[in-house]
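# A structural walkthrough
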Amino acid sequence: MLTRVLPVFVVVAAITGLWYLACIPMNAHQSVTDLERAGEVVVPGGAAERRDMAGVSLVLQNPAAVQAAFGQERPRLPAPHQVGAEIWETTANKRITSKRSLVYHGWITLSATLLGFAIGTVAGIALAVGIVHVRAMDMSVMPWAIASQTIPILAIAPMIIVVLNSVGVQGLVPKAMISAYLSFFPVVVGMVKGLRSPDRMQLDLLTTYSATRAQTLWKLRLPASMPYLFTSLKIGIAASLVGAIVGELPTGAAGGLGARLLAGSYYGQTIQIWAALFWAAILAATLVGLIGLIQRVTLNRMGMAA
Amino acid sequence: MTQDTVIKAENLGLTFETNDGPVRALTDVNLEINKGDFVSFIGPSGCGKTTFLRVIAALETPTSGEITVNGMTPDAARQARAYGYVFQAAGLYPWRTIAGNIRLPLEIMGYAKADQAERVERVLELVDLDGFGEKYPWQLSGGMQQRASIARALAFDADILLMDEPFGALDEIVRDRLNEELLSLWARTEKTIGFVTHSIPEAVYLSTKIVVMSPRPGRITDVIDSPLPKERPLDIRDSAEFIEIAHRVREGLRAGHGDDV
């Protein structure tokens, strides 16, 4: 246990330490300005004089700026404990129906993520089945699928939302479409490989039973593709979450982690941005972990554990 | 063609088109297999023995000549469930139990549920695996897995059993045992068996008819009708008759090889 936890702990501690260290020069200008307003003597005096100075040299000339870097209201880089406190405050100390609760916003994003993930997975599996069975699809679909992923999602997301809005579809579905757009691709790639994983001998065996293609699909190809499917789903669900967040940005949506990020950047609420970012990261890790768990249980039951 | 002829090949040939030019996998194969025969195909790699078995099973299509299985084309025979095929590897599905694996062909062929269960029980007993139906493949040894795959091939009552080096991956002790069991299975079920092997003792011990083949191009060089009795204890392999047949097989293999050994 210790051997597994220790490396993780060391890495987290190192990142946290670096983060605190980076706060000092990043927030130096504000620190020195705050000190000056409080009546302390700072070098050089006057914010205009300091504007073009590097944070590091500012701190070297004003050692008091070190302490002032960790408690600002709108720091350039919030300290870890500030972000932690904000997460705690907006997660545990707010009613989950409150617009200031990250649980509220997280749920809005999560629902779009899950719907988009479901659509993307079904579409991905359907396309993969088509690619494996229809030669014309094999030749034609894959290049388009790859091309679709080369378009920046930030470019296409507003268009999807505007187009769907013009036909009267709003709210959850447009965001889910963007999630689906990102998550179908890894499922297609993984499932094509998975459905083709049975070897010649296994396919010959079914031929000797005069099995139909549908029977081959249900009894051999689909079960054999499970390990590939789960690997794809893990990538797909993380992509779905990104899609849902990106989908919330251009709408000026009232809710969701994306809206929270956008609002934070409008009003210079850096702590709020970081808290929403961490919430999104924790959500993604939880979703991926959950699929990993289902993967382990399923593959163990199927006797296919890696 | 007598009434007992099950498989009949006439001037059969199969040429594969490869990037390095045509490869003649089979040429001028003439062979008759009668009902109840145990026929072994023996020869070095590339002699076409597996290819011939696959032609019987309609897994390959011959490019010349004629072949009939139960008086039909191989394709029609397959549709009529004429044969069960056992591959080199057991190829059991890890996500199905042993019983589930044996049920696979029955499900595909559309047998009724009750009939399926009954047949699974019967063939499990036939290959001496009763009680192992609910186990998963990984819980069984290699020899037991191969027995399960034979049970799978027997489940739908095909008259012909085609076996492509089924015991090739097993150690010799297990192999001896499975050979003995296969003989008793053959005696009880009266199937016609086509059996591909590398091993001279295995071929002589099992067969009523030994087909010696050689490569480049793949062809039959000798067909030996075994004078050994149907009842064959393992120690028959020390008898003079056995050794004589084995000798003839070895001579046939050597002659077929020519100078390129």
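If you're wondering where the values come from, they're calculated on a predicted model, not measured in any experiment. (Residues numbered from 1 in each chain as written. Chains lettered and ligands numbered in written order. Predicted model: local features only at pLDDT ≥ 70, side-chain atom pairs only at ≥ 80, totals over all residues. Heavy atoms only, no water.)

### Some details on the overall build of chain B
Defined as follows: Helix and strand assignments follow DSSP, with helices taken as H or I runs no shorter than four residues and strands as E runs no shorter than two, numbered in order from the N terminus. What the globule rule says is 2.2 Å times the number of residues to the power 0.38, and the radius of gyration is computed from C-alpha atoms. The cut-offs for exposure are 20% and 50% of the maximum accessible area for each residue type, with area from a 1.4 Å probe on protein chains only; residues under the lower value are buried, those over the upper are exposed, and the others partly exposed. Contacts are assigned to residue pairs that have any heavy atoms within 4.5 Å of one another. Method for areas: the Shrake-Rupley scheme with a 1.4 Å probe, in which residue coverage is limited to the protein chains shown. Working convention for charge: Lys and Arg count positive, Asp and Glu count negative, and His plus the chain ends are omitted. Each charge is placed at NZ for Lys, CZ for Arg, CG for Asp and CD for Glu.
Along its length, chain B carries 8 helices and 9 strands. Taken over C-alpha atoms, the radius of gyration comes to 18 Å for chain B, in line with the 18 Å a tight globule of 261 residues would show. Based on the C-alpha atoms only, the size of chain B along its principal axes is roughly 55 × 40 × 40 Å. Across the 261 residues in chain B, those meeting the buried criterion constitute 55%. Contacts spanning at least 24 positions in sequence make up 70% of the contacts within chain B whose residues lie at least 6 apart. Here chain B displays about 11,600 Å² of accessible surface, and carbon together with sulfur accounts for 48% of that area. Within chain B, one finds 28 positive and 39 negative side-chain charges whose respective centroids are separated by 4 Å.

### Some thoughts on the domain arrangement of chain A
Residue and element names in this part refer to chain A. Going by this rule: Where each domain begins and ends is defined by an automated method or by a domain database. Take the accessible area each of two parts loses on contact, using a 1.4 Å probe, and add the two losses: that sum is the buried area. Each reported salt bridge corresponds to a side-chain nitrogen of Lys or Arg within 4 Å of a carboxyl oxygen of Asp or Glu. Residues are grouped as follows: nonpolar covers Ala, Val, Leu, Ile, Met, Phe, Trp, Tyr, Cys and Pro; charged covers Asp, Glu, Lys and Arg; every other residue, Gly included, is treated as polar.
Assigned domains within chain A: domain 1 (2-77) and domain 2 (102-301). With 7 residues of domain 1 at the contact, the number on the domain 2 side is 7 residues. For the domain 1 and domain 2 pair, buried surface summed over both sides reaches about 500 Å², with 56% attributable to carbon and sulfur atoms. For the domain 1 face of the interface with domain 2, the top three residues by lost area are Trp19, Arg74 and Pro75, together amounting to 67%. Across the contact surface, domain 1 and domain 2 share 0 salt bridges. Residues of the side of domain 1 that touches domain 2, tallied by class, amount to 3 nonpolar, 1 polar and 3 charged.

### What about the packing of aromatic side chains?
Quick reminder of the rule: Whether two aromatic rings pair depends on their centres lying within 6.5 Å, for rings of Phe, Tyr and Trp, where Trp uses its six-membered ring; planes under 30 degrees apart make the pair stacked, over 60 edge-to-face, and the rest tilted. Either the NZ atom of lysine or the CZ atom of arginine qualifies as a charge over a ring when it sits within 6 Å of the ring centre and within 35 degrees of the ring normal.
With the rule as written, the count across this model stands at 14 aromatic pairs over all chains. Measuring from ring centre to ring centre gives 5.8 Å for Tyr209(A) and Phe156(B), while their planes differ by 85 degrees; the resulting arrangement is edge-to-face. In this pair, Tyr209(A) is assigned in the loop between helix H10 (200-208) and helix H11 (213-224) and Phe156(B) in the loop between helix H5 (142-154) and strand E6 (160-164), connecting two distinct chains. Judged on exposure class, the residue Tyr209(A) and its partner Phe156(B) are both buried. Geometrically, the ring pair formed by Phe41(B) and Phe52(B) is edge-to-face, given 5.4 Å between the ring centres and 65 degrees between the ring planes. Taken together, the residues span a long stretch of sequence, with Phe41(B) in strand E3 (residues 38-42) and Phe52(B) in helix H1 (residues 49-56) at a distance of 11 residues. Residue classification places Phe41(B) among the buried residues on the basis of a relative accessible area of 1%. By relative accessible area, which is 1% here, Phe52(B) ends up buried. Of the aromatic side chains, those joined through ring pairs into one cluster are Phe38(B), Phe167(B), Trp186(B) and Phe195(B). Sitting above the plane of the Trp186(B) ring, Lys230(B) keeps its charged end 4.6 Å from the centroid.

### A look at the interface of chain A and chain B
Our working rule: Think of a polar contact as two N or O atoms within 3.5 Å of one another; within protein, one of them needs to be a possible hydrogen donor and the other a possible acceptor, and neighboring residues in sequence only count if both atoms come from side chains.
In this complex, chain A contributes 20 residues to the contact, which on the side of chain B involves 23 residues. The interface formed by chain A and chain B holds 3 salt bridges in total. Linking Glu60(B) and Arg200(A) is a salt bridge whose minimum nitrogen-to-oxygen distance equals 3.7 Å. Connecting chain A to chain B are 5 residue pairs in polar contact (both at pLDDT 80 or more). When contributions to the side of chain A that touches chain B are tallied by element, the ones reaching two or more residues are H10 and H11 of chain A. When residues in the side of chain A that touches chain B are grouped by element, the largest group, 8 residues, is from H10(A).

### Description of the domain arrangement of chain B
All names here are of chain B. Its domain assignment divides chain B into domain 1 (5-82 + 159-257) and domain 2 (92-157). Each of domain 1 and domain 2 has a C-alpha centre, and these two points are 25 Å apart. Domain 1 puts 15 residues into the contact, and the matching count from domain 2 is 14 residues. Across the domain 1/domain 2 interface, buried area totals approximately 1,200 Å², and carbon plus sulfur atoms make up 65% of it. Considering only the surface of domain 1 that becomes buried against domain 2, Arg81, Leu161 and Leu185 emerge as the three largest contributors, covering 39% of it. Summed over the shared surface of domain 1 and domain 2, the result is 1 salt bridge. Linking Arg147 and Glu181 is a salt bridge whose minimum nitrogen-to-oxygen distance equals 3.5 Å. Where domain 1 meets domain 2, there are 2 residue pairs in polar contact (both at pLDDT 80 or more). Contributions of two or more residues to the side of domain 1 that touches domain 2 are made by E6 and helix H6 (172-189). Split by residue class, the side of domain 1 that touches domain 2 holds 8 nonpolar, 1 polar and 6 charged.

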